[in-house]
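What follows is the residue order along each chain.
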Amino acid sequence: MISLNRSSFLNKTGISGSCGSFSGAQRRRSASVRVVASSSNGRAGDRNAAVLVENTLKEMREGSAVIADVDSKPMVGGGVQDVYGEDTATEDQFVTPWSVSVASGYSLLRDPHHNKGLAFTERERDAHFLRGLLPPTVASQELQVKKMMHNIRQYQVPLQKYMAMMDLQERNEKLFYKLLIDNVEELLPIVYTPTVGEACQKYGSIFMRPQGLFISLKEKGKILEVLRNWPEKNIQVIVVTDGERILGLGDLGCQGMGIPVGKLSLYTALGGVRPSACLPITIDVGTNNEKLLNDEFYIGLRQRRATGQEYAELLHEFMTAVKQNYGEKVLIQFEDFANHNAFDLLAKYGTTHLVFNDDIQGTASVVLAGLVAAQKLVGGTLADHRVLFLGAGEAGTGIAELIALEISKQTNAPPEETRKKIWLVDSKGLIVSSRKESLQHFKKPWAHEHEPIRELVDAVKAIKPTVLIGTSGVGRTFTKEVIEAMASINERPIILALSNPTSQSECTADEAYRWSKGRAIFASGSPFAPVEYEGKVFVPGQANNAYIFPGFGLGLLMSGAIRVHDDMLLAASEALAAQVTQENFDKGLIYPPFTNIREISAQIAAKVACKAYELGLASRLPQPIDMVKCAESCMYSPAYRSYR
Ligand SMILES: O=C([O-])CC(=O)C(=O)O
Ligand SMILES: [Mg+2]
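Residues numbered from 1 in each chain as written. Chains lettered and ligands numbered in written order. Predicted model: local features only at pLDDT ≥ 70, side-chain atom pairs only at ≥ 80, totals over all residues. Heavy atoms only, no water.

Asker: Hey, could you go over the site of ligand 1 for me, with residue numbers and the actual values?
Answerer: Every residue lining ligand 1 is accounted for by Tyr192, Thr193, Arg245, Leu247, Lys263, Glu335, Asp336, Asp358, Asp359, Asn500, Asn544 and Asn545. Taking Asp336, its side chain carries an N or O atom lying 2.9 Å from an oxygen atom of ligand 1. Against a free-state accessible area of 270 Å², the protein chains account for coverage of 93% of ligand 1. Its atoms largely coinciding with the cavity grid, ligand 1 occupies the largest pocket. Within the shell around ligand 1, the residues separate by chemical class into two nonpolar, four polar and six charged. (Near = heavy atom within 4 Å. Polar contact = N/O pair within 3.5 Å; in protein donor to acceptor, adjacent residues only side chain to side chain. Areas by Shrake-Rupley, 256 points an atom, 1.4 Å probe, with all protein chains shown as cover. 1 Å grid on protein atoms, 1.4 Å probe; cavity = no way out; pocket = protein on both sides within 12 Å on 5 of 7 lines; lining within 4 Å. Sits in = over half its atoms within 2 Å of the grid points. Nonpolar A, V, L, I, M, F, W, Y, C, P; charged D, E, K, R; others polar.)

Take a look at the structure:
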């Protein structure tokens, strides 16, 4: 192992003085540079490492170094500048030495960011001390993909496929993303809903290696230190959960970690954000899930959930530490918090941090996109619709609000008026004004004048909605009677069963098509296979926020946005709706397939970034001329790089 202090670093590299391609900020920070090269084999390793350090520093000047913080492309800008976090660096990083690790030999094979397995070329095997550590054959990345897909398809049980994918992510990150990008439709249900839900339920017993950062009540007062234990310094997106409402599966405590990990792998695969810029975090304040508390394999704090001031203080320390450590342009995505915290956190930090709640805002944006697109199939405008929700939590009220906002924009009517087209049913029945006093604050705008109605089917008959949306988290609640009632009112009823995973879906695709006699325009949160009904094949759409958040986040990062604004959500919806082709409409689809998701994400990112500039919320100047090109050019590529 070799450590170079500042003077030998500068002497050896010749960086002092002109500083080559290093920027002013990097130069200032060079006082804290420590270059560490390690090898597994003692003195020979030291010699090898010295050579590597020389070479790497040379390559760093040329901008082509194989160093731990660099993925194939920097997020924005060029050369090595982003490696040093020029835009996200805070004063504090001046006193935190960061190190550039040069892995070689055995440690290179064990480093998931750089490992290529059998794809290391002969020259690379010589140059990086890999001789003998690999069998003789050299394989292409394409062959590796083929082999991995073959292996994954052998597994009958989805959870086994999930574990194989997680194992790959920990072993060879680029191959993991190549697999996911090239086989997105097949692998999305594995690394994401529905399988990720089962993985969270069984997280303790399938736990092998920790992923992400765990911040529990034990870390109170030390969260900044915990953040600094994470190896990557240039973080741009954090997905954080407290595990209280994981999909529609309820409180899974610390085992909710599967969700931030899964969401961030989509940030990279679907949105092109560098993996090293992504940080999954689970905040563990306990769990009220008795089964987990009594499970000997449970990995979290064995106590009931902290609430009130204790909860608020921990969250506040977290939010403060994130800003202090990563600056104000790090995107914090709240995921799968329970209603009572989700709305409060968004309101509390929406004005001081770059925060986005995927369940409230991401889901709203994807559903609005579907409804905008559906106008091509049903005719008319959004303002012609009456919408009924089953479920009045984050997703339900979030979607309702965004629809009302869009109709207001289209018609110039105030939201108080446009909200009247939208009705919600919760566990007590239709939300009506006579219930107003006892309602949680986020339900109050939806308490319209009407007599109380207990059952969903009666609400359908009374309200006569054109659109029925399930956000209840309770499976099989769109019964035959409910769907038949929708079909008797509408020629083409729009039915969205959004709860996840599949077990919690309000109805299946088969039920929606069969009970509506093939007339429903149907989409669901979790994927369903195509359905054959009376000799015709119906392909259900997937109304999942995965269409939105990766491109939305990319747009925020591209523009250096400092706050999220509702108009950006509307822009994302319009961009997504515009991607639905005539061919998709001909199949009854209101969403494009996931196969082209990276192009779709680039379009969404471009529109979101444009809106950020328009609203004066973008900090990255000058504004790019061609936003789509800019989005595409800063997307991460999973292709192997050549290590000279
Ligand atoms: O994760 C998903 O599939 C969608 C989502 O945010 C949720 O259901 O909470
Ligand atoms: Mg969610």
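Asker: Got a sec to walk through the coordination of the magnesium ion (ligand 2)? Specific residues and values, please.
Answerer: Within the first shell, the magnesium ion (ligand 2) binds the protein through Glu335 (OE), Asp336 (OD) and Asp359 (OD), at distances of 2.0 to 2.1 Å. Read in sequence order, the donor residues for the magnesium ion (ligand 2) give the motif E-D-x22-D. Residue Glu335 is located in the loop between strand E7 (331–334) and helix H16 (339–349), and its partner Asp359 is located in helix H17 (residues 358–378); the two are separated by 24 residues in the primary sequence. Both residues of the pair, Glu335 and Asp359, count as buried. (Donors = N, O, S within 2.8 Å, 3.2 Å for Na, K, Ca; no water. Helix = DSSP H or I, 4+ residues; strand = E, 2+ residues; numbered from the N terminus. Buried < 20%, exposed > 50% of the residue type's maximum accessible area, 1.4 Å probe, protein only.)

Asker: Help me get a handle on the sheet that holds strand E12 (residues 467–470), residues and values and all.
Answerer: Within the open sheet, the seven strands sit side by side as E11-E10-E9-E12-E13-E14-E17. Their pairing is mixed. Every interior strand has two partners, whereas the edge strands, strand E11 (429–430) and strand E17 (541–542), have only one. Bridge count between strand E13 (residues 494–497) and strand E14 (residues 521–524): four bridges; the pairing is parallel. What sits directly across from Ile494, in E14, is Ile521. The sheet contacts of H17 involve E12, E13 and E14, and relative to E13 the element is tilted by about 155°. (Pairing = 2+ DSSP bridges. Contact = heavy atoms within 4.5 Å. Axes fitted to C-alpha atoms, helices over the stretch in contact; angles between N-to-C directions.)

Asker: Run through the environment of Pro593, naming residues and quoting values.
Answerer: Summarising the element assignment, Pro593 is placed in the loop between helix H25 (582–586) and helix H26 (597–614). Setting aside anything within four residues of it in sequence, one finds Pro593 in contact with Glu185, Tyr547, Asn584 and Ile600.

Asker: Can you break down the layout of surface pockets residue by residue, with the values?
Answerer: In this structure, the largest pocket encloses a volume near 970 Å³. As for the largest pocket, its lining consists of 49 residues, of which Gly391, Ala392, Thr471, Ser472 and Gly473 are closest to the centre. Elements with a contribution of two residues or more to the lining of the largest pocket: H16, H17, helix H18 (394–411), strand E10 (422–426), helix H20 (456–463) and helix H21 (480–489). No other element matches the three residues that H18 contributes to the lining of the largest pocket. (Points joined across faces, edges and corners; volume = space filled by probe spheres on them.)

Asker: How would you explain the sheet that holds strand E4 (residues 213–216) if you had to name every residue and give the values?
Answerer: Across the sheet, which stays open at both edges, the five strands sit in the order E4-E6-E5-E7-E8 with parallel pairing between neighbours. Each edge of the open sheet is held by one strand with a lone partner, namely E4 and strand E8 (355–357). Strand-to-strand, the axes of this sheet are offset by a mean angle of 25°, without reference to chain direction. Two elements, strand E5 (residues 237–241) and strand E6 (residues 278–284), share five bridges in a ladder whose sense is parallel. Bridge assignment links Val240 to a residue of E6, and that residue is Ile281. Across the sheet, H16 lies against E7 and E8, angled at about 160° from E8, the strand it touches most. Against the sheet, H17 engages E7 and E8, with an angle of about 70° to E8.

Asker: So what's going on with the side chain of Gln169? Residues and values would help.
Answerer: In this fold, Gln169 is placed in helix H7 (residues 158–171). Owing to a relative accessible area of 12%, Gln169 belongs among the buried residues under this scheme. Beyond its immediate sequence surroundings of up to four residues, Gln169 is in contact with Pro112, Phe176, Tyr177, Gln211, Val261 and Ser265.

Asker: Explain the packing of aromatic side chains to me, and be specific about the residues and the numbers.
Answerer: One pass over the structure, following the stated rule, counts 13 aromatic pairs. On the numbers, 5.2 Å between centres and 50° between planes, the contact of Tyr267 with Phe549 is tilted. Of this pair, Tyr267 sits in helix H13 (residues 258–269) while Phe549 sits in helix H23 (residues 549–559), and the two are 282 residues apart along the sequence. For Tyr267, a relative accessible area of 0% translates into the label buried. Each ring, one from Tyr513 and one from Phe538, has its centre 4.8 Å from the other, and the planes form 25°; the classification is stacked. Here the residue Tyr513 occupies a position in helix H22 (residues 509–515), and Phe538 occupies one in strand E16 (residues 536–538), the gap between them amounting to 25 residues. This pair shows no difference in class: Tyr513 is buried, exactly as Phe538 is. Three or more aromatic residues joined by ring pairs make a cluster, and in this case those are Tyr513, Phe522, Phe528, Tyr533 and Phe538. The aromatic ring of Tyr643 is capped on one face by Lys116, whose charged end is 4.5 Å from the ring centroid. Cation over ring: Arg419 sits above Trp446, and NZ or CZ is 5.8 Å from the ring centre. (Phe/Tyr/Trp six-rings, centres within 6.5 Å; stacked < 30°, edge-to-face > 60°. Lys NZ or Arg CZ within 6 Å of the ring centre and 35° of its normal.)

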